Amino acid sequence: MTADAEQLRQDGHLIEKWAVGWMLLSLALWAWFGYRFLLDDDRGRFAPAEGGRALVGILALAVIPTIITAATLVYARVLFRLASRTTGQKAGEGS
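Residues numbered from 1 in each chain as written. Predicted model: local features only at pLDDT ≥ 70, side-chain atom pairs only at ≥ 80, totals over all residues. Heavy atoms only, no water.

Peer 1: What am I meant to see in the UniProt feature "transmembrane region" (unreviewed entry) in the protein here?
Peer 2: In the numbering adopted here, UniProt assigns the feature "transmembrane region" (unreviewed entry) to residues 18-35 and 55-80. For residues 18-35, helix accounts for 100% and strand for 0%, while the C-alpha atoms at its two ends are 26 Å apart. Helix and strand shares over residues 55-80 are 100% and 0% respectively, and the end C-alpha atoms of the span are 38 Å apart. (UniProt positions renumbered as here; feature names shortened; annotations may be inferred. Helix = DSSP H or I, 4+ residues; strand = E, 2+ residues; numbered from the N terminus.)

Peer 1: How should the environment of Arg85 be read in this particular structure?
Peer 2: Tracing the chain through its elements places Arg85 in helix H2 (residues 52-94). Each C-alpha atom of the pair Arg85 and Ala5 lies 8.3 Å from the other, and the pair is 80 residues apart in sequence.

Peer 1: Please clarify how the nonpolar core should be interpreted in this entry.
Peer 2: If you look at the biggest cluster of nonpolar residues, it comprises six residues: Leu8, Ile15, Ala76, Leu79, Phe80 and Ala83. Of all the secondary structure elements, the ones that give two or more residues to this core are helix H1 (3-41) and H2. Examining the composition of this core, we find that four residues originate from one element, H2, more than from any other. Beyond its immediate stretch of four places on either side in the chain, Leu8 contacts Leu79, Leu82, Ala83 and Thr86. (Core = buried A, V, L, I, M, F, W, Y, C linked by side-chain atoms within 4.5 Å. Buried < 20%, exposed > 50% of the residue type's maximum accessible area, 1.4 Å probe, protein only. Contact = heavy atoms within 4.5 Å.)

Structure representation (structure tokens):
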């Protein structure tokens, strides 16, 4: 295995670890949103929502790390594919 491919694999594993961290943050924010939403829903369907703005804010805060999680997972997969292609190209050159 070449040094380039190994570096790409190490970077991919590091990015995956960051993605797990973002995913945990995202799940916590979605749970907070769900909890607040259920608390607001207990008052009745047509009651005025006092915490409506807070719910929208929590929703916005939950969406951001979700998008970051998806982006970092895609980036990690790209690094792993580059590493496998680099290994395959180097092996093909030596034959």
